[in-house]
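Below are the chains, spelled out letter by letter.
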Amino acid sequence: MKDKVHFSPVILDPNTASRTLYLSDDLTSVRRGDTEQKLPDNPERYSEYVNVSGSEGFSSGKHSWEVEVGDHPDWFVGLAKESVDKDAELASPKNGFWCLEHSDGEYTNGADKTVRVQKSLQRIRVQLDYDRGEVSFYNSEDMTHIYTHRDTFTEKLLPYFNIRKSAGSTATDIKVSV
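To keep things clear, this report deals only with the structure shown in the data block. Treat the numbers as computed from the prediction; the structure is a model and nothing was measured.

1. Regarding the overall build of the chain
Inference 1: Broken down by element type, the chain carries zero helices and 13 strands.
Inference 2: For the chain, the α and β elements follow one another from N to C terminus as β-β-β-β-β-β-β-β-β-β-β-β-β.
Inference 3: Considered along the principal axes of its C-alpha atoms, the chain spans approximately 45 × 35 × 30 Å.
Inference 4: Each of the 178 residues in the chain was classed as buried or not, and the buried ones make up 49%.

Here it is as structure tokens:
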């Protein structure tokens, strides 16, 4: 029973959202806007880049959630250390981010290594095994494994999202579900 993966409801934290990100009322989807919102300055907020974190983090166990990206052309999904530098230029493992990225038609592992996929990803499962130090990504349609980051985690990890402009796509929102 202990080894089971827990499907974890991910609620986005409005206190971390960049000023150009607009969250849904139920805090389960996010879209990039064209204008900055007037939001309070606080230490949790991503001020330089278009990021948002989940409101609850994980410091042990196995957890999983799905992210619907549709045909959105430019995003990162994954996890970030709770203490991550909110202004870090690169969302990479060395900066405390374990992500899958889609940009310019390519998928990468957040550390600039191209990841091959059979077909364009519409829905992604993010799976964390904190105790084994693994963050894995799967194509939710057929559960094809995409990539696994391996590391040693020493602090709470938060679901992490970076959403850029959706020009040329029908998907404007990135949605999180269990």
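2. Remarks on the pattern of salt bridges
Inference 1: Tallied over the entire structure, the rule returns eleven salt bridges.
Inference 2: Between Lys165 and Asp34 there is a salt bridge, and its shortest N-O distance comes to 3.6 Å. Taken together, the positions of Lys165 in the loop between strand 12 (157–163) and strand 13 (173–177) and Asp34 in the loop between strand 3 (29–32) and strand 4 (51–53) put the pair 131 residues apart, joining distant regions of the chain.
Inference 3: On the basis of relative accessibility, which here comes to 71%, the residue Asp34 falls in the exposed class.
Inference 4: Here Glu141 and Lys119 are joined by a salt bridge, their closest N and O atoms 3.2 Å apart. Taken as a pair, Glu141 in the loop between strand 10 (134–139) and strand 11 (144–150) and Lys119 in the loop between strand 8 (106–108) and strand 9 (123–129) lie far apart in primary sequence, 22 residues in all.
Inference 5: The exposure class of Glu141 is partly exposed, given its relative accessible area of 48%.
Inference 6: Judged by its relative accessible area of 44%, Lys119 falls in the partly exposed class.
Inference 7: The network of salt bridges with common partners includes Glu66, Glu68, Arg123 and Arg125.

3. Some thoughts on the nonpolar core
Nonpolar side chains tend toward joint burial in soluble globular proteins.
Inference 1: Ranked by size, the top nonpolar core spans 33 residues in total, and within it Trp65 and Phe161 carry the most contacts.
Inference 2: Elements represented by at least two residues in this core include exactly strand 5 (62–68), strand 6 (75–81), strand 7 (97–103), strand 9, strand 10, strand 11, strand 12 and strand 13.

4. Brief notes about the side chain of Asn42
Inference 1: Structurally, the position occupied by Asn42 is in the loop between strand 3 and strand 4.
Inference 2: At 2.9 Å, the side chain of Asn42 and the backbone nitrogen of Arg45 are in polar contact.

5. Remarks on the environment of Pro159
Inference 1: If you trace the backbone, Pro159 turns up in strand 12.
Inference 2: Note: C-alpha distance between Pro159 and Val10 (149 residues apart in sequence) is 7.4 Å.
Inference 3: Once residues lying within four places of it in the same chain are set aside, the contact partners of Pro159 are Val10, Val52, Ser53, Gly54, Glu56, Phe58, Trp65, Gly78 and Leu79.

6. Quick notes on the sheet that holds strand 6
Two pairing modes exist for strands in a sheet, parallel and antiparallel, and in both the strands are linked by backbone hydrogen bonds.
Inference 1: Overall, antiparallel pairing links the five strands, which are arranged 4-12-6-7-8 in an open sheet. Of all strands in the sheet, those with a lone pairing partner are strand 4 and strand 8, marking the two edges. Across this sheet, the average inter-strand angle for adjacent strands is 15°, counted without regard to direction.
Inference 2: As judged from the three bridges shared by strand 7 and strand 8, these two strands associate in the antiparallel manner. From the neighbouring strand, Ser103 faces strand 8, where its bridge partner is Glu106.

7. Side note on the pairing of strand 12
Inference 1: Burial analysis of strand 12 places seven of its seven residues in the buried class, the great majority of the element.
Inference 2: By the bridge criterion, three bridges tie strand 4 to strand 12 in an arrangement that is antiparallel. Looking across to strand 12, one finds that Val52 is bridged to Phe161.

8. Examining the environment of Gln37
Inference 1: By secondary structure assignment, the location of Gln37 is in the loop between strand 3 and strand 4.
Inference 2: For Gln37, a relative accessible area of 22% puts it in the partly exposed group.
Inference 3: When residues no more than four places from it in sequence are discounted, the contact partners of Gln37 are Ser18, Arg19, Leu21 and Tyr22.
Inference 4: Polar contacts involving the side chain of Gln37 include one to the main-chain carbonyl oxygen of Leu21, which spans 2.6 Å.

Cut-off values and rules
Residues numbered from 1 in each chain as written. Predicted model: local features only at pLDDT ≥ 70, side-chain atom pairs only at ≥ 80, totals over all residues. Heavy atoms only, no water. Helix = DSSP H or I, 4+ residues; strand = E, 2+ residues; numbered from the N terminus. Buried < 20%, exposed > 50% of the residue type's maximum accessible area, 1.4 Å probe, protein only. Salt bridge = Lys/Arg side-chain N within 4 Å of Asp/Glu carboxyl O. Core = buried A, V, L, I, M, F, W, Y, C linked by side-chain atoms within 4.5 Å. Polar contact = N/O pair within 3.5 Å; in protein donor to acceptor, adjacent residues only side chain to side chain. Contact = heavy atoms within 4.5 Å. Pairing = 2+ DSSP bridges. Axes fitted to C-alpha atoms, helices over the stretch in contact; angles between N-to-C directions.

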